[in-house]
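# Chain and residue survey
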Amino acid sequence: MTSLAKQSPTTVAAIQTCGLGKVFGEGRQRVIALDDVSIELCSGQMTLLMGPSGSGKSSMIAALGGLQAPDTGQVIALGEDLWSRSSRKITRFRRDHCGFVFQSGGLFPALGARDQIALPLTFLGWSAAEAKRAACEALDWVGLADRQDSRPSEMSGGQNQRIAIARMLAKKPTLIFCDEPTSALDGKNGANIAELLKQAAARHNAMILCVTHDERLVPHADRILHIEDGRITSDSEEDKPYAANR
Ligand SMILES: Nc1ncnc2c1ncn2[C@@H]1O[C@H](COP(=O)(O)OP(=O)(O)OP(=O)(O)O)[C@@H](O)[C@H]1O
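Just so we're clear, the structure is a prediction, and the values are computed from it rather than from any experiment.

### Quick notes on the packing of helix 3 (residues 113-123) against helix 5 (residues 157-170)
Two numbers describe how helix 3 lies on helix 5: the axes approach to 9 Å, and their chain directions differ by 30°. Between helix 3 and helix 5, the crossing angle belongs to the class labelled roughly parallel. Crossing of helix 3 over helix 5 shows right-handed handedness. For the pair helix 3 and helix 5, contact is made by Ala 113, Gln 116, Ile 117, Pro 120 and Leu 121 and by Ile 163, Ala 166, Arg 167 and Ala 170, respectively. For the contact of helix 3 with helix 5, the class distribution of residues is seven nonpolar, one polar and one charged.

See below:
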């Protein structure tokens with residue numbers, strides 16, 4: 001486990017897990033999805049979580065992002081014991097602090113880009129004017145300020161994924177979880193998305209945990225974790241002196 005003592009003054013543990021475990025099924029169907037996972041993930045860093053199919057990557061995002069409770073262990077998120085809270089408080093925590101990006105952006109087919117971003121913000125209680133302003137800012141940030149009214153069908157896969165990222169970033173989440181955000185994209189668009197995420201981590205001092213099979217993301221990452229059979233098998237921060245990673 002990365003010790004807090006090794007962190008530079010600007011990196012703060014956004015999430016710590018201790019002995020995280022998750023099991024599905026019983027008897028011969030029993031699968032250990034997470035096996036005694038203890039890690040710390042820092043604000044301002046983009047960490048890749050890599051591993052073979054079925055190794056536990058999505059289970060990890062689900063446990064850390066307040067989507068699915070682990071069976072054992074703790075998730076300390078932003079200093080609070082996430083899974084000891086009521087489900088209502090966990091939902092509020094996700095809404096207030098977490099951003100998610102998945103393989104297909106999950107955009108609304110009928111909405112233009114600005115409304116894709118603004119509408120969910122109004123559901124969070126933002127005024128229409130605030131939401132519109134934040135949406136325009138987010139579109140500018142991902143380089144699509146000139147496509148405010150374009151619908152998903154009028155844009156490329158890479159552009160739609162940038163909109164999905166803008167939508168996630170608009171509410172300025174502190175904890176960002178991505179599941180295969182580049183797998184549907186070609187090399188250039190994949191690199192573009194990776195760079196946007198990395199800049200987001202730095203600019204908003206957010207923690208980003210990104211599940212991927214995509215080796216092309218490796219050069220953009222601050223840290224790489226490998227997982228197999230639910231256990232963390234390597235951590236780039238443990239493999240070399242901490243200072244060498246800066
Ligand atoms: N709801 C579920 N019911 C039963 N088994 C499950 C469930 N969710 C996950 N598993 C099992 O837990 C293990 C870990 O699954 P998980 O989805 O976390 O892996 P993954 O690394 O994300 O896989 P992939 O890269 O294929 O998406 C797998 O063996 C999977 O079959």
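### Here's the deal with the site of the ligand
Taken together, Phe 24, Val 31, Ala 33, Pro 52, Ser 53, Gly 54, Ser 55, Gly 56, Lys 57, Ser 58, Ser 59 and His 213 form the complete shell of residues around the ligand. Within the backbone of Gly 54, a nitrogen or oxygen atom sits 2.8 Å from an oxygen atom of the ligand. Measuring from an oxygen atom of the ligand, one finds a side-chain N or O atom of Lys 57 at 2.7 Å. Considering the ligand on its own, with 630 Å² of exposed area, one finds that the protein chains cover 58% of that surface. A class-by-class count of the residues in the shell around the ligand yields four nonpolar, seven polar and one charged.

### A word on a nonpolar patch on the surface
Together, Phe 108, Leu 119 and Phe 123 make up an exposed nonpolar region whose accessible area comes to about 300 Å². By the element assignment, Leu 119 lies in helix 3. We classify Leu 119 as partly exposed; its relative accessible area is 33%.

Rules and cut-offs
- Residues numbered from 1 in each chain as written.
- Predicted model: local features only at pLDDT ≥ 70, side-chain atom pairs only at ≥ 80, totals over all residues.
- Heavy atoms only, no water.
- Axes fitted to C-alpha atoms, helices over the stretch in contact; angles between N-to-C directions.
- Helix = DSSP H or I, 4+ residues; strand = E, 2+ residues; numbered from the N terminus.
- Parallel < 35°, antiparallel > 145°, perpendicular 65-115°, else oblique.
- Left-handed = near helix turned anticlockwise from the far one by under 90°.
- Contact = heavy atoms within 4.5 Å.
- Nonpolar A, V, L, I, M, F, W, Y, C, P; charged D, E, K, R; others polar.
- Near = heavy atom within 4 Å.
- Polar contact = N/O pair within 3.5 Å; in protein donor to acceptor, adjacent residues only side chain to side chain.
- Areas by Shrake-Rupley, 256 points an atom, 1.4 Å probe, with all protein chains shown as cover.
- Patch = residues over 30% accessible without salt bridge, like charges linked within 9 Å, V, L, I, M, F, W, Y side chains within 5 Å.
- Salt bridge = Lys/Arg side-chain N within 4 Å of Asp/Glu carboxyl O.
- Buried < 20%, exposed > 50% of the residue type's maximum accessible area, 1.4 Å probe, protein only.

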